[in-house]
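Listed below are the residues making up each chain.
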Amino acid sequence: MIVEKFLPLIKTGKNPIIVNISSTSGSIGRRSRKGGGYSYSASKAALNMITKALSIDLKEDGITVVSIHPGWVKTTMEYTENAPLTTYESIKGMKKVIENLSIEETGKFFDWEGNELPW
Ligand SMILES: NC(=O)c1ccc[n+]([C@@H]2O[C@H](COP(=O)([O-])OP(=O)(O)OC[C@H]3O[C@@H](n4cnc5c(N)ncnc54)[C@H](OP(=O)(O)O)[C@@H]3O)[C@@H](O)[C@H]2O)c1
């Protein structure tokens, strides 16, 4: 809905990019151990599908769409008390990844260090 509302503005941008903040929790390909979190994981897997679908629908408009996992970051989100990354480190990494994106990367899933993740 946010993309829908902002689309006219996004289209006027130079090298426009839409970044969905996802999580490795939403990666079906990486799921290999016990952990629950069904609703959260499913919501991120759904977000990843939205990224993929939007990347196809908006490619001819030159809009890059990706999902990014910010890392395990100490924030006010639950279960992040022992997280190794600060918000500064995570955002610095994501900013670098975003600055280097072009339409060739549309429809991909990255972490905050620029590593590509499986869906
Ligand atoms: N922290 C991690 O380790 C980690 C790992 C993987 C992915 N992520 C993802 O990173 C993103 C940011 O998470 P975070 O760790 O920064 O969590 P957070 O500290 O809990 O922050 C969540 C933010 O979302 C806002 N928010 C929540 N519900 C909202 C709503 N209905 N409408 C508008 N805003 C709403 C909150 O606003 P208020 O402050 O006003 O409530 C808050 O600013 C999330 O998508 C999370 O899934 C985080």
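Residues numbered from 1 in each chain as written. Predicted model: local features only at pLDDT ≥ 70, side-chain atom pairs only at ≥ 80, totals over all residues.

Participant: Please clarify how helix 2 (residues 38–58) should be interpreted in this entry.
Facilitator: Three or four residues apart is the spacing at which side chains of an α-helix point the same way, because the helix has 3.6 residues per turn. For helix 2, which comprises 21 residues, the first-to-last C-alpha distance of 30 Å matches the rise-based estimate of 30 Å (1.5 Å per residue) to within 8%. The complete set of buried residues in helix 2 reads Lys-44, Asn-48, Thr-51, Leu-54, Ser-55 and Leu-58. Taken end-on, helix 2 shows its buried residues confined to a sector of 130°, consistent with a single buried face. Residues Tyr-38, Ser-39, Ala-46, Ala-53, Ile-56 and Asp-57 are exposed on helix 2 and point more than 90 degrees away from its buried face. Packed against the buried residues of helix 2 are helix 1 (2–11), strand 1 (17–21), strand 2 (64–69) and strand 3 (109–111). (Helix = DSSP H or I, 4+ residues; strand = E, 2+ residues; numbered from the N terminus. Expected span 1.5 Å × (residues − 1). Buried ≥ 20, exposed ≤ 12 C-beta atoms within 10 Å, placed from the backbone. Arc of directions from axis to C-beta. Contact = placed C-beta atoms within 7 Å.)

Participant: Mind showing me how you'd approach the site of the ligand here?
Facilitator: Inspection of the region around the ligand gives Ile-21, Ser-23, His-69, Pro-70, Trp-72, Val-73, Thr-75, Thr-76, Met-77, Thr-80 and Ala-83 as its neighbouring residues. Across the shell around the ligand, the residue classes break down as 6 nonpolar, 5 polar and no charged. (Near = placed C-beta within 6 Å. Nonpolar A, V, L, I, M, F, W, Y, C, P; charged D, E, K, R; others polar.)

Participant: What's the story with the environment of Lys-108 in this structure? I'm lost.
Facilitator: The residue Lys-108 is located in the loop between helix 3 (87–99) and strand 3 in this model. In this structure Lys-108 comes out as partly exposed when scored by C-beta crowding, with 18 C-beta atoms within 10 Å. Lys-108 sits 53 residues away from Ser-55 along the chain, and the two C-alpha atoms are 8.6 Å apart.

Participant: Which parts of the structure should I look at to understand the pairing of strand 2?
Facilitator: Of all the 6 residues making up strand 2, 6 are buried; the element is thus mostly covered by neighbouring parts of the structure. Residues Thr-64, Val-66 and Ile-68 point to one face of strand 2 and Val-65, Ser-67 and His-69 to the other, with burial holding for every one of them. Pairing analysis gives 5 bridges linking strand 1 to strand 2, with the strands arranged parallel. Directly across from Ile-21, in strand 2, lies its bridge partner Ile-68. Remark: the strand 1/helix 2/strand 2 crossover connection has right-handed handedness. Here strand 2 pairs with strand 3 via 3 bridges, running parallel. Paired with Ser-67 across the bridge in strand 3 is Phe-109. As for the winding sense of the linkage, the β-α-β connection from strand 2 through helix 3 to strand 3 is left-handed. (Pairing = 2+ DSSP bridges. Right-handed = clockwise from strand over helix to strand, strands pointing away.)

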